Amino acid sequence: MNLKVKNISNVGGEVKAPPSKSYSHRAVILASLAKGTSKLYDMLFSEDTISSINVCKTLGAKITEKEGYLEVVGTGGNFHNSSDDYIDLGNSGTTLRIMTSLAGLSDNDVILTGDDSLKTRPMGVLMDALKDLGVSTKSLKDNEKAPILIKPGYAGGEVSIPGNISSQFISSILISAPLSENGVQLSVLPDFKSKPYVDMSLDIMSKFGVDITEEIQFKHDDCSKDYKTCAVVYYDIPKNEYKATDYVVEGDYSSASYLLAAIAILGGEAKIFNLFKDSKQGDKVILDIIRDMGADIEVHEDYVKISSDGNLKAIDVNLSDSPDLLITVAVLASLAEGTSKITGVAHARVKETDRIATTCSELKKLNCNVVEHEDGMTIEGGISSGVVDSHGDHRLAMAFSLAGLKEDVEITNGEVFDVSFPNFIGAMAELGIELELN
Ligand SMILES: O=C(O)C1=C[C@@H](OP(=O)(O)O)[C@@H](O)[C@H](O)C1
Ligand SMILES: C=C(OP(=O)(O)O)C(=O)O
């Protein structure tokens, strides 16, 4: 289906950001590992998080939608796979990565797979690390990608892992490690990308009763004291148990980036609720980025107020900790005055699509002057009307709908936002932006 801006009127107002995708995945997974019954409030029900709910059910958690919350009766870590088929995780990289380690806790074999995009996502680094921890995995196509067979048995021990491909490998080991036979000592080697997602894992693990210590070991005295490029980050995870808890999922800064960007582009004033000042989400940096581009941002305890005159300035930004903002920022840059540079996101090439390549190719279709780099792109402000394709990537669909606020832009395969933000059209409508799918 094609996604397009139909009408714009009375821009601004108030809207609630949708629940965090990353915290929703983790909440249902940790509740499924815990002993006892957890109540999860304000969960995101998107295609990706439903994949996590379904795999947890298949492995033995009892999950029921109740009035106002999701009830999860956990397994205490005693997973048993009730399916004799492949478990299909759709498009969700987070589910695939986190569940690959957890499948090692099952008392029988598990095979995880997904859609064509998920079958392209790298898994080799995680499979190697799991081997060191006693978990045997096999890529059924022998290409270090899904479908992946995971055998029972998770001894634990010492392991190191490169941090530059996906932080999801690290979250996966951290979340599973307390339930291994002997605990895990994990070293993450530089460059450590997307670390805020690991901090989010530790944050919610603590809410479910497991606290982990982190130690940053700098390699030499004269390094820049930047853990990202110059330190080994070490985690000691003793054997432990998760405890059931009641948990409220906070709002999602990555999804909110589209709402904030829309106001920044069109001009106007809006309050976005459910965005917390003390959030651990790395994508909170969208507030600084939009401020640097010229909008006014007020950060309150549980909401953000944005005001903009619609005039945007170019920026130079490193998105290594917040790769999901890449396409939003690229589209903002294409509508700004001057030349912007985005760096630090080589890992965005191995997501739902190669997001550096697809973003550049689609911006070029709008006659934007963009130059692709290995780890980002340079974008000169200025676009014209045209037709672009989402390549089946939810973030391309949502971000390019923002280009349609200034020029006539149609997005083919534009319906894919259900992966992370099912109410995208409804939320934009609350800000006066009517999008249509046909
Ligand atoms: O752990 C998570 O919830 C996520 C981690 C990030 O991936 P990488 O660590 O691969 O950058 C991010 O892109 C993804 O949308 C969600
Ligand atoms: C990369 C993303 O998610 P995942 O890795 O879970 O597929 C995303 O939401 O942009």
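- An unreviewed UniProt entry annotates the protein as 3-phosphoshikimate 1-carboxyvinyltransferase of Methanobrevibacter woesei.
- Taken directly from UniProt, the Sequence similarities (unreviewed entry) text for the protein runs: "Belongs to the EPSP synthase family."
- Listed under Catalytic activity (unreviewed entry) in UniProt, the entry text for the protein is "3-phosphoshikimate + phosphoenolpyruvate = 5-O-(1-carboxyvinyl)-3-phosphoshikimate + phosphate".

### Quick look at the site of ligand 1
Item 1. Of all residues adjacent to ligand 1, which total 13 residues, the nearest are Ser22, Arg26, Ser166, Ser167 and Asp324.
Item 2. At a separation of 2.7 Å, an oxygen atom of ligand 1 approaches a polar side-chain atom of Arg26.
Item 3. Contacts to ligand 1 include Gln168, whose side-chain N or O atom sits 3.5 Å from an oxygen atom.
Item 4. Here ligand 1 has 390 Å² of accessible area as a free molecule, and 96% of this is covered by the chains.
Item 5. Of all elements in the fold, only α1 (21–33) and α5 (167–176) reach the threshold of two or more residues within the shell around ligand 1.
Item 6. At three residues, α1 tops the list of elements feeding residues into the shell around ligand 1.

### Observations concerning the site of ligand 2
Item 1. Around ligand 2 lies a shell of 13 residues, among which Lys21, Gly93, Thr94, Arg121 and Arg395 are the nearest.
Item 2. The separation between an oxygen atom of ligand 2 and a polar side-chain atom of Glu352 is 3.1 Å.
Item 3. In the complex, 98% of the free accessible area of ligand 2, which totals 290 Å², lies under the protein chains.
Item 4. Elements with a contribution of two residues or more to the shell around ligand 2: α3 (93–103) and α12 (394–403).
Item 5. Here the residues of the shell around ligand 2 sort into no nonpolar, six polar and seven charged.
Item 6. Formed jointly, the shell around ligand 2 draws a minimum of three residues from each of two domains, domain 1 (3–18 + 253–437) and domain 2 (21–235).

### Thoughts on the pairing of strand β5 (residues 69–73)
Item 1. Within β5, four of the five residues are buried, which leaves the element mostly enclosed by the surrounding structure.
Item 2. Two elements, strand β3 (residues 37–41) and β5, share five bridges in a ladder whose sense is antiparallel. Of the residues in β5, the one forming a bridge with Leu40 is Leu70.
Item 3. In this sheet, β5 lies alongside strand β4 (residues 62–66) in antiparallel orientation, the contact comprising five bridges. The residue of β5 that forms the bridge with Thr64 is Glu71.
Item 4. The hairpin turn running from β4 into β5, its antiparallel successor, is two residues long, and Gly68 in that turn takes a positive phi close to 90°.

### A word on the domain arrangement of the protein
Item 1. Looking at the protein, the domain boundaries give domain 1 (3–18 + 253–437) and domain 2 (21–235).
Item 2. Taking only C-alpha atoms, the centre of domain 1 and the centre of domain 2 are 28 Å apart.
Item 3. Contact residues are listed per partner, giving 22 residues for domain 1 and 25 residues for domain 2.
Item 4. Summing the contributions of domain 1 and of domain 2, the shared interface buries around 1900 Å²; its carbon and sulfur component is 49%.
Item 5. If you sort the residues of domain 1 by the area they bury against domain 2, Lys280, Asp321 and Val419 come out on top, with a joint share of 31%.
Item 6. On inspection of domain 1 and its partner domain 2, the count reaches two salt bridges.
Item 7. Ionic pairing is found between Glu352 and Arg121, a salt bridge with its closest N-O pair at 3.8 Å.
Item 8. Of the residues contributing to the side of domain 1 that touches domain 2, the split by class is four nonpolar, nine polar and nine charged.

### As for the packing of aromatic side chains
Item 1. For the coordinates displayed, the defined rule picks out six aromatic pairs.
Item 2. With 5.0 Å between their ring centres and 35° between their planes, Phe273 and Tyr303 make a pair best called tilted. Residue Phe273 is found in strand β15 (residues 268–273), and its partner Tyr303 is found in strand β17 (residues 303–308); the two are separated by 30 residues along the sequence.
Item 3. You can call Tyr303 buried: its relative accessible area is 18%.
Item 4. Taken together, a centroid distance of 5.6 Å and an interplanar angle of 50° make the contact between Phe417 and Phe424 tilted. Both residues of the pair, Phe417 and Phe424, belong to the buried class.

Conventions and cut-offs
Sequence order as written defines the numbering, with residues in each chain counted from 1. Here chains are named by letter from A upward and ligands by number from 1 upward, in the order in which they appear as written. Two thresholds apply to this predicted model, a pLDDT of at least 70 for residue-level local features and 80 or more for giving and counting side-chain atom pairs, whereas whole-chain, interface and lining totals are computed over all residues. The basis for every side-chain value is the complete set of non-hydrogen atoms in the structure, without hydrogens or water. UniProt positions are given in the numbering used here, feature names are shortened, and annotations may be inferred rather than shown by experiment. Only a single heavy atom is needed: when it lies within 4 Å of a molecule or strand, its residue is near that molecule or strand. Residues adjacent in sequence count toward polar contacts only when both atoms are side-chain atoms; beyond that, a polar contact is any pair of N or O atoms within 3.5 Å, and within protein one must be able to donate a hydrogen and the other to accept it. Per-residue accessibility takes into account occlusion by the displayed protein chains alone, with areas from the Shrake-Rupley method and a 1.4 Å probe. Runs of E in the DSSP output that reach at least two residues are strands. Runs of H or I that reach at least four are helices, and both are numbered from the N terminus. Residues are grouped as follows: Ala, Val, Leu, Ile, Met, Phe, Trp, Tyr, Cys and Pro are nonpolar; Asp, Glu, Lys and Arg are charged; every other residue, Gly included, is polar. Domain delimitation follows an automatic or database domain assignment. When accessible area is computed with a 1.4 Å probe and restricted to protein chains, residues below 20% of their type maximum are described as buried, those above 50% as exposed, and intermediate ones as partly exposed. Being paired, for any two strands, means DSSP has found at least two bridges between them. In what follows, residue pairs with any heavy atoms lying within 4.5 Å of each other are defined as contacts. By buried area we mean how much accessible surface two parts lose on assembly, using a 1.4 Å probe and totalling the loss over both. The salt bridge definition used is simple: a Lys or Arg side-chain nitrogen within 4 Å of an Asp or Glu carboxyl oxygen. Aromatic rings from Phe, Tyr and Trp, taking only the six-membered ring of Trp, are treated as a pair when their centres fall within 6.5 Å; an angle between ring planes under 30 degrees marks them as stacked, one over 60 as edge-to-face, and anything in between as tilted.

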